2 protein chains.
Amino acid sequence: MPLEYIDTKYKPRNELICEYYLEPSKGISLNEACEHIAAESSIGTWTDIVTMNKRIATKLKPHVFSINKKTNEIKIAYPIELFEQGSIPQILSSIAGNIYGMKAIKNLRLQNITFPKSLTKSFPGPKFGIKGVRKLLKVKDRPLVGTIVKPKVGLTAEQHAKVAYNAWIGGCDIVKDDENLTNMTFNKFNKRVIETLKLRDKAEKITGEKKIYMPNITAETSEMIKRAHFVKDQGGEYIMIDIITAGWAALQTIRELDLGMVIHAHRAMHAALTKNPKHGISMLTIAKLARLAGVDQLHVGTAVGKMEATPAEVQEIEEEIEEKIMLENKKHHVLEQKWYDIKPVFAVCSGGLHPGLVDKLIKLMSKNIIIQAGGGIHGHPDGTIAGARAMRQAVDAVLKDISLKKYAQTHVELKKALTKWGE
Amino acid sequence: MPLEYIDTKYKPRNELICEYYLEPSKGISLNEACEHIAAESSIGTWTDIVTMNKRIATKLKPHVFSINKKTNEIKIAYPIELFEQGSIPQILSSIAGNIYGMKAIKNLRLQNITFPKSLTKSFPGPKFGIKGVRKLLKVKDRPLVGTIVKPKVGLTAEQHAKVAYNAWIGGCDIVKDDENLTNMTFNKFNKRVIETLKLRDKAEKITGEKKIYMPNITAETSEMIKRAHFVKDQGGEYIMIDIITAGWAALQTIRELDLGMVIHAHRAMHAALTKNPKHGISMLTIAKLARLAGVDQLHVGTAVGKMEATPAEVQEIEEEIEEKIMLENKKHHVLEQKWYDIKPVFAVCSGGLHPGLVDKLIKLMSKNIIIQAGGGIHGHPDGTIAGARAMRQAVDAVLKDISLKKYAQTHVELKKALTKWGE
């Protein structure tokens, strides 16, 4: 019983829909490649088998319902029975698994997934989301300002805490560990958390503002859970996870423990998957998965800093993680997605940011973002406190609709930052 | 204090060494790109910062000690203090993290990592390894023969168990779930395990051979642990994990729980990272990480089936996961690696295999492999039992040094398989 998966008249209904960029290997037609992809990602294999039956072949068969021979974009609708509800690993093993490795395929990129209602609702989504985070920080409508302690690694726990303290009293709301700083010989996790939260309390007293520390708990899952509990016991409200290098199973576990802590998601390694426009997985897809899994804050790029991605791409990602309904936009591979009661995720812009970029950034990304600068704060000629001040001044200028240049005339820290890094 | 990371006279000693393929973006020189990569993967950032100090800049600085301007291959030596012992997520967040996403880089591929002694020894490695698996199965020196129940998904738990039973009594040692079969509405995990292990017992009685079932426990970590315990309680000795879609943190957690169960690692999604020769991470690197983390069996490719990779690549991967010492081989990006007391991993060959390929496969990969065929068994014209017989006959033929064609003259199942699929 040879199956045929292509049916361009098929109208999907309540199915999981994937859009792929698909480039067949030499000698293989696009249609053949479509059949391979649809089979290997669902119920098929490379030869006809005696164990297939009619129920499976009719009820579980996916349909390739759209093939664009000019752009090599195809769409496949998968019956939801092919997926385990609430399991990102199982979903990826299906629709982003073996298919990448097939000889018949030269390049394959998962551009987007639309999750139907029941699958969407099988995930918890963020515990706090944008509203919850704003409530915790008592900051209603300005962008949040954060920093990463720099250098990335190497400071002792005490030095780390001191840099964090300076950032807070200079004006940062948030201080985070870097993606490669976990439990190091020169800077033990527990000690760092104790020292840094101690100075957080002091910074809160001095400034009268709520201050946040996001310790990087990334490790194997049991250790992550231990570290999360430790942070909570010490009075922390946040944890940070490198979601790609730790992996989806661990992220889902941490979220589903429901610790009552905000989850900040760093995306280190995403570009090994997302950078090539012809192969891998789009950042938009990763962002959707992260929202479903339930991160409260997610790095989405900057469009203006040291990391790659066009402004339009970064805007689409922000929209996808913030909106209640995402409408189809064929130009950017955006498929319709209803988010139901899954809360919006706070978009984090980070990577090569400095005060001189803040006006462009807010214009592109709105005020509903977390602006995170590492070098752009600790690289200020007068140090971290001045750097944090300069960043807050830049934000204030934009909110008051005054140009950075003009605002810098009366704000010396901003002025020095603009002199060093330009606008 | 601007850092400089390139020093081609530098001799690494007891450091973690990475080989990358590195293609700078337009307008960036290879040397500049090297500086960006070395900085972002360790202690640097995009601007000079006041919080840097001399201790960090001297003791934690990595060295780019080899740059091949013809091949764009570079090597970096990283001080081990940059890494958390025993943490694959932290190591990847460092040397395979943000660097992929930098604007300055067009393409970047992590070709290989050499782990120095202390880091290597900070991982458990396999609990059983090749010897332990052979002892459990009481099969001394022939390749193990396995199948995947097909269709990939769709059978009920009872149907699944029956297909497994047929494979066992036909001659398969091992039956595994497919990578996308976990806990489905039509085939619940617990029921499948109960039914399948029941028929395993029966197959063992009838054949007098040890038979193995590898249920796919892939899920979020807590659920995976629950499923593993359930399998153990039901008398199973094996678990299977989709290590890339579940992620490294979860894999390490399962291994470190030390459940006394053999871990079979499926690599679905690896080729999203490994397929592009210029970007991502090599399969060799993933295989090394999997061995460190402690899988007992790992899919490495077939070199002769439906999945991509040259014979030489697949052989190198097999050697890397089996040998005690891996010697440098510049042609295939193999760096020297001493494995100390980390046990060898059983190489699993799977993907488009059938009896007609067994002679070539064993010649390429040795007898120390697990030959796994799904379609190549259940697609046999006379069904699963005959398919499994044909596969064992093919293995017997090779062990007796008789050509498949000749052996088929007296073995009807093999003959029908060769007629269907060729040699």
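Here, the structure is the one placed above.
Attention here is on the structure that accompanies the text. (Residues numbered from 1 in each chain as written. Chains lettered and ligands numbered in written order. Predicted model: local features only at pLDDT ≥ 70, side-chain atom pairs only at ≥ 80, totals over all residues. Heavy atoms only, no water.)

Some words on the sheet that holds strand E2 (residues 63-68) of chain B
In a beta sheet, neighbouring strands are held together by backbone hydrogen bonds and run either parallel or antiparallel to one another.
All names here are of chain B.
Line of reasoning, step 1. Strand order in this open sheet of 5 strands is E2-E3-E1-E4-E10, and the pairing throughout is mixed. The open sheet has two edge strands, E2 and strand E10 (280-281), and neither has a second partner.
Line of reasoning, step 2. Bridge analysis of E2 against strand E3 (residues 73-78) gives 5 bridges, and the strand direction is antiparallel. In the sheet register, His63 faces E3, and the bridge partner there is Ala77.
Line of reasoning, step 3. With respect to the sheet, helix H3 (residues 88-95) is in contact with strand E1 (16-24), E3 and strand E4 (105-114), its orientation differing from that of E1 by roughly 40°.
Line of reasoning, step 4. Relative to the sheet, helix H12 (residues 283-293) contacts E4 and E10, its axis offset from that of E4 by approximately 40°. (Pairing = 2+ DSSP bridges. Helix = DSSP H or I, 4+ residues; strand = E, 2+ residues; numbered from the N terminus. Contact = heavy atoms within 4.5 Å. Axes fitted to C-alpha atoms, helices over the stretch in contact; angles between N-to-C directions.)

Details of helix H7 (residues 189-207) of chain B
All names here are of chain B.
Line of reasoning, step 1. Between the first and last C-alpha of H7 there are 26 Å, a value that for 19 residues agrees with the 27 Å anticipated at 1.5 Å per step.
Line of reasoning, step 2. Looking at H7, one finds that the buried residues are Phe189, Arg192, Val193, Glu195, Thr196, Leu197, Leu199, Arg200, Ala203 and Glu204.
Line of reasoning, step 3. Considering only its buried residues, H7 is in contact with helix H6 (157-170), strand E7 (212-214) and helix H8 (221-233).
Line of reasoning, step 4. Just beyond H7, the residue with positive phi is Gly208, at close to 70°. (Expected span 1.5 Å × (residues − 1). Buried < 20%, exposed > 50% of the residue type's maximum accessible area, 1.4 Å probe, protein only.)

A few points about the pattern of salt bridges
Residue and element names in this part refer to chain A.
Line of reasoning, step 1. Under the defined criterion, the tally for this structure stands at 58 salt bridges over all chains.
Line of reasoning, step 2. With its nearest N and O atoms 3.8 Å apart, the salt bridge here joins Glu320 to Lys288. Highlighted residues: Glu320 in helix H13 (residues 311-322) and Lys288 in helix H12 (residues 283-293), separated in sequence by 32 residues.
Line of reasoning, step 3. Exposure remark for Lys288: the relative accessible area of 0% places this residue in the buried category. (Salt bridge = Lys/Arg side-chain N within 4 Å of Asp/Glu carboxyl O.)

Considering the interface of chain A and chain B
Line of reasoning, step 1. Between chain A and chain B, the contact holds 99 residues from the first and 99 residues from the second.
Line of reasoning, step 2. Approximately 7,500 Å² of surface area, both sides summed, lies buried where chain A meets chain B, with 56% of it carried by carbon and sulfur atoms.
Line of reasoning, step 3. Residues B:Glu84 and A:Arg227 are paired through a salt bridge, measuring 2.7 Å at the closest nitrogen-oxygen approach.
Line of reasoning, step 4. Remark: the boundary between chain A and chain B carries 51 residue pairs in polar contact (both at pLDDT 80 or more).
Line of reasoning, step 5. The element that contributes the greatest number of residues to the side of chain A that touches chain B is helix H10 (residues 248-256) of chain A, accounting for 6 residues.
Line of reasoning, step 6. Residue classes in the side of chain A that touches chain B are distributed as 39 nonpolar, 42 polar and 18 charged. (Buried area = accessible area lost by both parts, 1.4 Å probe. Polar contact = N/O pair within 3.5 Å; in protein donor to acceptor, adjacent residues only side chain to side chain. Nonpolar A, V, L, I, M, F, W, Y, C, P; charged D, E, K, R; others polar.)

So, the relation of the copies chain A and chain B
Line of reasoning, step 1. Laying chain A over chain B is done by rotating through 180° and shifting 0.0 Å along the axis; what remains is an RMSD of 0.0 Å. Here the transformation between the copies is reduced to the relation of a two-fold axis. When each C-alpha of chain A is compared by its distance to the rotation axis, A:Gly247 comes out closest, at 1.9 Å.
Line of reasoning, step 2. An overlap of 100% is found between the interface residues of chain A and their copies at the interface of chain B, pointing to a shared contact surface. (Least-squares fit on C-alpha atoms with pLDDT ≥ 70 in both.)

With respect to the environment of A:Val163
Line of reasoning, step 1. Structurally, the position occupied by A:Val163 is in helix H6 (residues 157-170).
Line of reasoning, step 2. The sequence separation of A:Val163 and A:Leu199 amounts to 36 residues, and the corresponding C-alpha distance is 9.8 Å.
Line of reasoning, step 3. Contact partners of A:Val163, with chain neighbours within four places excluded, come to A:Val149, A:Leu155, A:His378, A:Thr384 and B:Thr51.

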